[in-house]
Amino acid sequence: MRFKGFVLMLLALVTSSVLAACGGAPAAPTAAPTTASTGATTAPTGATTAPATAAPTNSTLAVGIVLPTKDEPRWIQDETRFKEALTAAGYQVEILFSQGDSAKEKANVEALLTKGIKVLIICPQDGTAAAAAADAARKAGVKVISYDRLIRETDAVDYYVTFDSLAVGANQAKYLVDNAKGTGNPLYLYAGASSDNNAFVFFQGAWKVLQPKIADGTFVIKNSSEAVALQAKADLTRDEQAKIIGQITTNWDFNVAKTLAESNLTSATAADKGNVFILAPNDGTARSIADTFKADKDVKSYLVTGQDAEKASVQYIIDGKQSMTVFKDVRTLVKDAITAAVSLLQGKTPTASGVYNNGKVDVPAVQSAVVTVDKANLKASLIDSGYYQASDFTGL
Ligand code: BGC
């Protein structure tokens, strides 16, 4: 049977090829069960191409993958790692990009359903809007794996593979706290897109660590009146988070991040600058925020966080232009997604280590650990582990 053949191939892949493709590096340990909060919605932006990637084989297309955009290196990393793990094994898989457009995403899912997929692995552009795509898949008898970002407000999500996103935010905040001395340090907060549930989870993780240090005067928030109004509260509701994120969102867009940082610096006095601390949600936004702060004559020094270990940011860290990143080993996420796909194709229930509530149901989930990377451990974590080549960088 074609389907059986595919399953056997996937099994072989999971037990051997994935590890080989992963360069033999240890997989990140599975973290403890977590219940994370839910997601809000904003309008998607931009729509361009959605090229497909298919491995040459005559087997039925059993798994379809939909990723949010080709415009951010993060998702190219995922595409590359999926390709390494899947197409190298010689069976058919198709990877489509939504290009920041939920309508395109839905059309991509429908195209894959027409091709007869049995499992959909999808990273939603907009967590709530993607519920319609998940519902369509469920109606067609297709299992849905939410990948990295949680699809919200539907029961049509079978499984969720994710990183420990609370730890991402907590690690970023901890870096700032560990490097701050004295009191009155200017703090600038930035967040991801409010259409992405992860943006809330990252912020929640960061706030938990930062808030006591704001309350004790170590940091003074300079760019969000909503955050200042809530600074005495250790735990924020989702609505309170949404109010803050509404003021500090980058929408995961480098240009929005740059414009927002510029406007924050224009409103700030010279006394609000000096040696500044910046919570930037990911690498792409960190680089544009860092460049903007660097160009301000009243900024004497800055510390800026990030996440994803994008190559450009790894170079920024080597060059002293970005302080840290949070390394999320995409190989692990890909492996977890494939393992879950295999279980679902076999009619089994994938092993879960916890659940994430998506506003409608508790979605069984597996989450993997993340690692803080700065100049001190960059080589060990990213080069010696085989994730990147030393030749990808200069001045290592
Ligand atoms: C991902 C991050 C990524 C961001 C922007 C988040 O959902 O977890 O890794 O940087 O989206 O694409």
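Keep in mind it's a predicted model, so treat the numbers as computed, not measured.

## Topic: the overall build of the chain
Working step 1: Looking only at helices and strands, the chain has 13 helices and 13 strands in total.
Working step 2: Taken across its 396 residues, the chain has 54% of its residues classed as buried.
Working step 3: Intrachain contacts of the chain at a sequence separation of at least 6 include 77% that bridge at least 24 residues.

## Describing the site of the ligand
Working step 1: The environment of the ligand is formed by E72, R74, D148, R149, G192, D196, N198, W252, N282, Q307 and D308.
Working step 2: Tallied by class, the residues present in the shell around the ligand amount to 1 nonpolar, 4 polar and 6 charged.
Working step 3: Mapped onto the domain boundaries, the shell around the ligand takes at least three residues apiece from domain 1 (2-157 + 330-368) and domain 2 (165-328 + 374-392).

## Things to note about the packing of helix α5 (residues 165-178) against helix α6 (residues 197-215)
Working step 1: In the contact formed by α5 and α6, the axes pass within 7 Å of each other and the chain directions differ by 35°. Relative to α6, the crossing made by α5 is right-handed. Within the contact between the two elements, α5 uses S165, L166, A167, V168, G169, A170, Q172, A173, K174 and V177 and α6 uses N198, V201, F202, F203, Q204, G205, A206, K208, V209, L210 and K213.
Working step 2: Classifying every residue of the contact of α5 with α6 gives 12 nonpolar, 6 polar and 3 charged.

## Let's talk about the sheet that holds strand β6 (residues 185-189)
Working step 1: Strand order in the open sheet made by the 4 strands is β7-β6-β8-β9, with parallel pairing throughout. On the outer flanks of this sheet lie β7 (219-221) and β9 (299-304), each paired with one strand and no other. Each strand of the sheet is rotated relative to its neighbour by a mean of 35°, with strand direction disregarded.
Working step 2: Helix α10 (residues 283-294) contacts β8 (274-279) and β9 of the sheet and is inclined by roughly 170° relative to β9.

## A look at unusual backbone geometry
Working step 1: Positive phi is not limited to glycine here, since N251 has a value of about 55°.
Working step 2: With respect to the helices and strands, N251 occurs in the loop between α8 (238-248) and α9 (254-267).
Working step 3: Looking at N251, the number of C-beta atoms within 10 Å reads 22, which means it is buried.
Working step 4: The phi torsion at A309 lies on the positive side, around 50°, for a residue other than glycine.
Working step 5: Among the structural elements, A309 can be located in the loop between β9 and α11 (311-318).
Working step 6: Residue class for A309 comes out buried when judged on the 27 C-beta atoms lying within 10 Å of it.

## What about the sheet that holds strand β1 (residues 63-67)?
Working step 1: The strand order across the open sheet built from 7 strands is β2-β1-β3-β4-β5-β12-β11, with neighbouring strands paired in mixed fashion. This sheet does not close on itself; its edge strands, each paired only once, are β2 (93-97) and β11 (354-357). In this sheet, adjacent strand axes meet at a mean angle of 25° when their direction is disregarded.
Working step 2: Bridging between β11 and strand β12 (residues 362-368) involves 4 bridges; their strand directions are antiparallel. Paired with G354 across the strands is A365, a residue of β12.

What counts and how
- Residues numbered from 1 in each chain as written.
- Predicted model: local features only at pLDDT ≥ 70, side-chain atom pairs only at ≥ 80, totals over all residues.
- Helix = DSSP H or I, 4+ residues; strand = E, 2+ residues; numbered from the N terminus.
- Buried ≥ 20, exposed ≤ 12 C-beta atoms within 10 Å, placed from the backbone.
- Contact = placed C-beta atoms within 7 Å.
- Near = placed C-beta within 6 Å.
- Nonpolar A, V, L, I, M, F, W, Y, C, P; charged D, E, K, R; others polar.
- Domains from an automatic or database assignment.
- Axes fitted to C-alpha atoms, helices over the stretch in contact; angles between N-to-C directions.
- Left-handed = near helix turned anticlockwise from the far one by under 90°.
- Pairing = 2+ DSSP bridges.

Read these as layout, nothing more, since geometry by itself doesn't imply function.
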